[in-house]
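Below, each chain spelled out in residue letters.
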Amino acid sequence: MRSTTPRAALRRAAGGFAAAGLLAAGSLALTAPAQAAAPEFTLGGPAETALHPYPATGTPQKASLDFTVDNPSEDEENGAFEGEYTVRFDLSGIKGVADVAFGKKGSADCTVTGTSAVCHDWGIFPGLSTLAELHVTAAKGSEDGDTGAIEVTAEADGATFTSFTARIGIGGPDLSMERLPFRTELKTGDTQPVPVTFTNNGTRTAEGVLLTLRYTRGMEFTERYRNCEYSESDGGMGSPGAWTTALCSFDGSYEPGVAYTLAEPPAIRATERAFYDSLLYRIEEDGSAARAAQRAGAEYSPGKGATLALRKAPAALSADLDPSDNQQEADFRTANTADFAAYGDRAKGGAGDSVEVKVGFRNRGPAWIGYIRSGEDVATVDVTVPEGASVVAKPESCRGVTAAGKYRENQTAAPRYFCSTPKSVREDADFALPFELKITKVVEGASGKVVVRNPFLQDPKLRFDPEPANNTASLVLNAKDSGTGDSGATTGDGDTGSGGASSTGTTTGSTGSTGSTGGSGDSGGSASGGSTGPAGSSSSGSPGGDSGGGLAATGSVALTTGAAAAVALVAGGVLYTVSRRRAAR
């Protein structure tokens, strides 16, 4: 069997051209350069895979396994290995246990002969790349408890490889989480139980289970339990403490075909910070590998309350053998508001002088705003430069535009700047943006403007903000008075100073993605229709609407963007996989 991809063909062609070029260069060289140390690459994939037993009728259920190669170089431009290499899969260890076939994913050309497979490829770029995809099923005649292993090796001129072993087994525990019927339209202070219930749909007992509860800043459990450990992180949302993760361990044996539920369900509450929030709840067999994957390097502290306990549920759930249902999620919308108050600054100087100013906004709460599903920026800070000055330094999150807000190629000395926020803004955030201005001409009382608005320029209203009057402030140069200590707010903001020291959870202007004149998803600029969230709640339009607006359901909370992925999902027939991941190519 042979698998050929366009990428592999291009790589082989590039390899031939590169070799020809090297030969031509070599014919002109009088001396050869010193040889660098041979690079070392690491082969990888799922360390352990449990397969569903061969069925009495019908076709066996397959698991799809991605085998990878990791180039540790961090040099994106020059760190690639440019040469041919060969990967060998020794399948003799799973003879009679499992059958394999190569899928379409991966860059290598693979051929299977008997109990071995040989794959050829060219070039290994920095980071993690998929070599090949194997579809694995239980072999006819195999029995529950049978095990075997696939040995993966590789070789190339001028490089070394660390080999990899993938263990395969038949049968095992299969924990399936029940979806809970939450109320998703809430008011601050609303509390509801979380009666987590799961069943073991596998063929063997699970020895100990690990419950993961992961929830955003606006929600909290009313108690922190003794057999749980807790951690807070930004979870890729750009705000400290955007997510809390609780890992709760339960000893004991959890039998096949039996459902289990929490003896005393914990209660979750919508806090005074709540607006758009999510809860993830996940069950898996406990163990050091599972804990390491869920911890993801974060620091945890133990709870001090009662002990959370499990008991057998009255009835089993449906016999769903798909391990991807180990995890469920719910989204909540809480009727609440957040007051974004803009502040400006004042400075004085002569012609040719450079002055530093700091502008931005503070969230006066009570709600935090986090666009969890779409990952859109919460807001844009729109800065108009005062007459007689030009910008010589700006935050990375700001981009220059024309006076009318149109695209501008030259980012130097633009008359106006759009500065994007992260996808979340805490209830106590001070979003400060430092600028350096050069005074090209002294204009007494020259005034620019600072506006915090919706990222969608044509629809600037922040619909969660009940006080639009303080969304605008002034940036003043060479005012007639002494001009110290005044925030420059044009709306009676009441804040003093030019941004001042940030409060706890400060978000600075140097973070966040590049702003845009358009918006979509949660940002309030979307023209898309409604969608149904994972908790069964309907969301229509954009969460930029009023406090009863919808939440865009654009994928798993756990898997939103590259940066956010803190919870490892288990897919297909893989009961548990842990591997070191770099940026997948």
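Residues numbered from 1 in each chain as written. Predicted model: local features only at pLDDT ≥ 70, side-chain atom pairs only at ≥ 80, totals over all residues. Heavy atoms only, no water.

A. A look at the overall build of the protein. Looking only at helices and strands, the protein has 2 helices and 39 strands in total. Out of the 585 residues in the protein, the part that is buried amounts to 51%. Per element, the accessible surface of the protein, about 25,200 Å² overall, is 52% carbon and sulfur. (Helix = DSSP H or I, 4+ residues; strand = E, 2+ residues; numbered from the N terminus. Buried < 20%, exposed > 50% of the residue type's maximum accessible area, 1.4 Å probe, protein only. Areas by Shrake-Rupley, 256 points an atom, 1.4 Å probe, with all protein chains shown as cover.)

B. Layout of the sheet that holds strand β7 (residues 116–124). Overall, mixed pairing links the 6 strands, which are arranged β2-β11-β9-β4-β7-β6 in an open sheet. Strands with a single pairing partner mark the edges of an open sheet, and in this sheet they are β2 (48–51) and β6 (109–113). Along the sheet, successive strands turn relative to each other by an average axial angle of 20°, direction set aside. Looking at chain direction, strand β9 (residues 147–155) and strand β11 (residues 164–170) are connected through 6 bridges and run antiparallel. Counterpart to I150 in the pairing with β11 is A166. (Pairing = 2+ DSSP bridges. Axes fitted to C-alpha atoms, helices over the stretch in contact; angles between N-to-C directions.)

C. Expanded view of the side chain of T245. Counting through the fold element by element, T245 comes out in strand β19 (residues 243–254). A residue is classified by how much of its surface remains accessible, and T245, at 8% relative accessible area, is buried. Leave out the neighbours within four places in its chain, and T245 touches T212, L213, R214, E229, Y230, S231 and Y300. (Contact = heavy atoms within 4.5 Å.)

D. Looking closely at the environment of T222. Within the element layout of this structure, T222 appears in the loop between β17 (219–221) and β18 (228–233). Residues T222 and A267, 45 residues apart in the sequence, show an inter-C-alpha distance of 5.8 Å. Once residues lying within four places of it in the same chain are set aside, the contact partners of T222 are T191, A267 and R269.

E. View of the sheet that holds strand β26 (residues 338–343). Here we have 4 strands laid out as an open sheet, ordered β26-β28-β35-β31, and antiparallel in their pairing. Strand pairing shows two members of the sheet lacking a second neighbour, β26 and β31 (389–393), which therefore form its edges. Strand after strand, the sheet turns through a mean of 30° between neighbouring axes, direction not considered. Pairing of strand β28 (residues 354–366) with strand β35 (residues 430–439), which is carried by 9 bridges, proceeds in the antiparallel orientation. In the strand pairing of β35, G360 is matched with A432.

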